[in-house]
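Residue-level structural notes
In case you want the letters, here they are:
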Amino acid sequence: MRGPASPRLGPPRLHPPRPGPLPLVLGAAVLLLALGFRLRNLGASLWLDEAYSLWFASRPLDYLWQVVPRFEPHPPLYYTLLRPLLAFGQAEVLLRLPSLLASLALLPLAWRLGWEFLADRPAAGRLAGGLAALFLALAAPQIWYAQEARPYALFCLAYALLILAAHRLLLAWEAAGPWPPLGRQALLLALAGSLTCWLHNIGPVYVAAVMLPLGLRALLHPGRWRVLGQLVLANCLLLLSILPNLLHAIARSRDWIQGTWLMPLTLTRARAIIEELFGLGSALPGPTAQLALQAAFCGLALLGLLGLLRRGEGGVWRAALLASAAAGPVLAGIGISIAVSPVFLLRTALATTVPLHLLLAMGCALGFRGAWRAAPAGLVAAVFLLGATHGFLWRPAEDWRGAAHLLAEQAGAAEPVLLAPNDVELPIRHYLDRAGLPRRLLPVPAPYPAMGLPNRYELGSPAVPSLSATDVERLVAGLAGEPSLWLVERYGGGEPLGRALEAARPVLERYAFGPAITLRHFGAAR
C-alpha cells in the first residue's frame, strides 16, 4: 500500500494570506527588540571609514560623482543618500540613521520572504518568516553594521529585495506555464540588482549568485526562449544601469590588487569569518563548542533546503535560489582572495546572512513538527542572544573623538600635529572643527587625497600614500626648529617617521585609544 504523497506546491501565489493580529504584535515586539540592541553604539565615535563617509557626503555633487570615483573604491550612491542629512548636522546618530532604518526595514522583509517561499503552507511560512526576522534582529553582525555610517546595512536590504524579486519571477514563470508574459517581475529584478551594485562594488558577485539559478531555470522551462529573452532583457537593463560603476570598480580593483592592507586569506581566518556570519564569533568560548554549534547550524540550514526540495519542482528552484544566494558570494570571495587579492571580510559577506538566516528559520519550520520546533528555534535564538549581548557591551576600537579631545586639551594652537597616514586627518579635523578648537594639522606626506605622488601606495587607495625615506628626512629636518610636536598614527602608519623623531627628540607622553590609535608628544630636538 502506498504511503501518503509528499506535499507539493499548489498553484503559485504571489501574495500569501495577510497576517492576523498575533503575528503583527509579535513582529512589533521583534522590531522593538532589534531597536534596543541597535541603539547602544549609535552615538559612539566615528571610526575612520565612517569619517570617509562624512567627508565624501560633504563634497559637492559634481566632485562626488566625477572626482571621488578616481580614488574611492565604493560607489557614490550611499554618500549621495547621506547628503540631505547633513543639513541637520553631523552628529553620529544622524549619520548612522540610514543604516539603522535599513536594518529595521530588513526584518519585515525577511518575514515576507518566509511567507512567500512557503506560500502553500501559510502557518509554516509565517513561522519561518517570524523566526528569520528574530534571528536577524539578534544577529551580532547585523547589530554592529546597523550602527555604522557605511553602506552595509542598506546593501543587506537591497540584497533581500533582489532575492524577493528573483523569487517572484520564479513564481510568475511557474504560474504562466509555457507562455509566460513579459511582466513587471523582470523589471523589479533589474531594479533590485542595480541598487545592489550601486551600494557596493562587491554587488555584481551577489547579483551573479542570484542570476545563476534563474538562468538554469530558464533553460529548463517549457517556454525556454521566451523566458530566456525575459531574463536577458532584465540583465541588459541591469548592465546598462550599472555600467559607469562597473568601469569604476574595474579601475579601482587594480589599485586594490597592487596595494592592499589585507593579509593573505588563511583557512583559520576564513573559518573565523564564517563563524561570525553564523553569529557564533562571540557566542561561546572554545573551539569545540564553536565547531559543534557550526555543525548544528549547518545541519539546520540543510534541513531547510531539504524541506524545500521535498516540495516538488517549484521547491527545488526555491532551494537552489537560497543556496546560491547564501553560499555563492562566500565561495566567490574566498576564491578571489586566494587567486587574485584578499577581499573576503565579514562586512563584504554580511548580506549572505539574509538567505542564511532564512534557511535556518526554514529548517526549524520544515524540519520539525509541533512543539519540537521550539528546540532548534530556541537554540539559535539563545546563541544569537549571547552574541548580541556581547556586541551590545563591546565598545568601538577607534575612538577618534577621544583622541581629538585630547589634542584639543593638551596640544597648543601653533604646535604641529603630524597625522599618518594622511587620511587620519578626516576624523581628527572633523572632531576638532566641531568643538571649535582648530589645531595645526599636518597630514603626511600630503593632505588627503594625495594622488600621483612618487610614493608607494600600499593601503589599497590611490589617495593614501605611504611615507618614503625622503619624506621622513624632509619632515624631521623641516620641523627641527619646533619646540614640540605631536604624531598621531593609525595602526603604525607613521612608524618610520616615529622612529626618526624618537632618535632626534625625547618622547614626553604616549597615549593609546584602543589598538588602532596612538599619539606621541615629542619635546625639543636634542
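Below or above, wherever it landed, is the structure these notes cover. (Residues numbered from 1 in each chain as written. Predicted model: local features only at pLDDT ≥ 70, side-chain atom pairs only at ≥ 80, totals over all residues. Heavy atoms only, no water.)

**Looking at the overall build of the protein chain**
The number of helices and strands found in the protein chain is 21 helices and 5 strands. Over its C-alpha atoms the protein chain spans a radius of gyration of 26 Å, differing by no more than 12% from the 24 Å that the globule rule assigns to 526 residues. Taking the contacts inside the protein chain whose residues are at least 6 apart along the sequence as the reference set, 75% of them involve residues at least 24 apart. With the model as given, the accessible surface of the protein chain reaches about 22400 Å², and the carbon-plus-sulfur share is 68%. (Helix = DSSP H or I, 4+ residues; strand = E, 2+ residues; numbered from the N terminus. Rg over C-alpha atoms; globule rule 2.2 N^0.38 Å. Contact = heavy atoms within 4.5 Å. Areas by Shrake-Rupley, 256 points an atom, 1.4 Å probe, with all protein chains shown as cover.)

**A short note on the sheet that holds strand β2 (residues 440–443)**
The pairing of strands in a sheet comes from backbone hydrogen bonds and takes either a parallel or an antiparallel form. With mixed pairing, 5 strands are arranged side by side in an open sheet as β2-β1-β3-β5-β4. Unpaired on one side and paired on the other, β2 and β4 (507–513) mark the two borders of the sheet. This sheet shows a mean twist of 20° between the axes of neighbouring strands, independent of strand direction. Here strand β1 (residues 416–420) runs beside strand β3 (residues 485–490); their pairing, made up of 4 bridges, is parallel. Counterpart to L419 in the pairing with β3 is V488. Helix α18 (residues 400–410) rests against β1, β3, β4 and β5 (517–522) of the sheet, and its axis sits at about 155° to β4. Helix α21 (residues 495–504) contacts β1, β3, β4 and β5 of the sheet and is inclined by roughly 25° relative to β5. (Pairing = 2+ DSSP bridges. Axes fitted to C-alpha atoms, helices over the stretch in contact; angles between N-to-C directions.)

**Side note on the layout of surface pockets**
Empty space within the second largest pocket amounts to approximately 360 Å³. F278, C298, A326, A327 and L356 are the residues nearest the centre of the second largest pocket, which is lined by 17 residues in total. Every element with two or more residues in the lining of the second largest pocket is listed here: α12 (267–277), α13 (287–309), α14 (312–339) and α16 (353–367). Residues that form the lining of the second largest pocket fall into these classes: 15 nonpolar, 2 polar and no charged. (1 Å grid on protein atoms, 1.4 Å probe; cavity = no way out; pocket = protein on both sides within 12 Å on 5 of 7 lines; lining within 4 Å. Points joined across faces, edges and corners; volume = space filled by probe spheres on them. Nonpolar A, V, L, I, M, F, W, Y, C, P; charged D, E, K, R; others polar.)

**Some details on the pairing of β2**
Of the two faces of β2, the one lined by L441 and P443 is fully buried and the one lined by R440 and L442 carries no buried residue. In this sheet, β2 lies alongside β1 in parallel orientation, the contact comprising 4 bridges. Within the sheet, the bridge partner assigned to V417 lies in β2 and is L441. In terms of handedness, the path from β1 via helix α19 (residues 425–434) over to β2 forms a crossover that is right-handed. (Buried < 20%, exposed > 50% of the residue type's maximum accessible area, 1.4 Å probe, protein only. Right-handed = clockwise from strand over helix to strand, strands pointing away.)

**What to know about unusual backbone geometry**
Among all residues save glycine, negative phi is the norm, and among peptide bonds the norm is trans. Each neighbour pair has its own omega, and for V444 with P445 the value is 5°, a cis peptide bond. For P445, the location among the structural elements is in the loop between β2 and α20 (469–478). With a phi angle near 50°, Y491 is a residue other than glycine that sits in the positive phi range.

**Considerations on the packing of aromatic side chains**
On inspection of all chains with the given rule, the structure shows 16 aromatic pairs. Look at W55 and Y448: their rings are 5.3 Å apart centre to centre, the planes differ by 80°, and that puts the pair in the edge-to-face class. Of the two residues, W55 sits in helix α2 (residues 48–57) while Y448 sits in the loop between β2 and α20, which places them 393 residues apart along the sequence. Here W55 and Y448 have matching classes, each one buried. Here the aromatic rings of W486 and Y511 are separated by 6.2 Å at their centres, their planes lie at 20°, and the arrangement is stacked. Highlighted residues: W486 in strand β3 and Y511 in strand β4, separated in sequence by 25 residues. Chaining the aromatic ring pairs together yields one cluster made of Y52, W55, F56, Y63, F71, Y78, Y79 and Y448. (Phe/Tyr/Trp six-rings, centres within 6.5 Å; stacked < 30°, edge-to-face > 60°.)

**A closer look at the pattern of salt bridges**
Scanning all chains against the criterion turns up 17 salt bridges. A salt bridge links E116 to R168; the shortest N-O distance between them is 2.6 Å. Taken together, the positions of E116 in helix α5 (residues 92–117) and R168 in helix α8 (residues 152–176) put the pair 52 residues apart, joining distant regions of the chain. Neither E116 nor R168 differs from the other in exposure class; each is buried. Connected through shared salt-bridge partners, E489, E495, R499, E502, R510 and R520 make up one network. (Salt bridge = Lys/Arg side-chain N within 4 Å of Asp/Glu carboxyl O.)

**Re α20**
For α20, the full list of buried residues reads D471, V472 and L475. Along the axis of α20, the buried positions cluster into a sector of 100°, meaning they face one direction only. With respect to the buried face of α20, the exposed residues turned more than 90 degrees away are A469, T470, E473 and A477. Tucked inside the fold, the buried residues of α20 contact α21. (Arc of directions from axis to C-beta.)

**Quick notes on empty space enclosed by the protein**
On inspection of all chains with the given rule, the structure shows 1 cavity of 30 Å³ or more. Its boundaries defined by the atoms lining it, the largest cavity holds a volume of some 40 Å³. Every residue along the wall of the largest cavity is listed here: I202, Y206, P329, G333, V343, F344, T348 and A349. Classifying every residue of the lining of the largest cavity by side-chain character gives 6 nonpolar, 2 polar and no charged.

**Brief notes about helix α6 (residues 122–138)**
In this model α6 runs 24 Å from its N-terminal to its C-terminal C-alpha over 17 residues, within 8% of the 24 Å that 1.5 Å per residue would give. In terms of residue burial, α6 counts as a mostly covered element, since 12 of its 17 residues are buried. (Expected span 1.5 Å × (residues − 1).)

**Brief notes about the packing of α13 against α14**
For the pair α13 and α14, the least separation of the axes is 7 Å and the interaxial angle reads 150°. By the angle between their directions, the pair α13 and α14 is classed as roughly antiparallel. Residues L305, L308 and L309 of α13 lie in contact with α14, whose contacting residues are G312, G315, V316, R318, A319, L322 and A323. A class-by-class count of the residues in the contact of α13 with α14 yields 7 nonpolar, 2 polar and 1 charged. (Parallel < 35°, antiparallel > 145°, perpendicular 65-115°, else oblique.)

**Things to note about the environment of L161**
Tracing the chain through its elements places L161 in helix α8. C-alpha separation for the pair L161 and A192, spaced 31 residues apart in sequence, amounts to 6.0 Å. Excluding residues that lie within four positions of it along the chain, L161 makes contacts with L109 and A192.

**A closer look at the side chain of R439**
Here R439 is to be found in the loop between α19 and β2. In this structure, R439 is buried with no salt-bridge partner, the nearest side chain bearing the opposite charge being E415 at 7.1 Å. With near-sequence residues (within four places) excluded, R439 lies in contact with L407, A408, A411, G412, A413 and L432. (Lys, Arg positive; Asp, Glu negative; His and termini not counted.)

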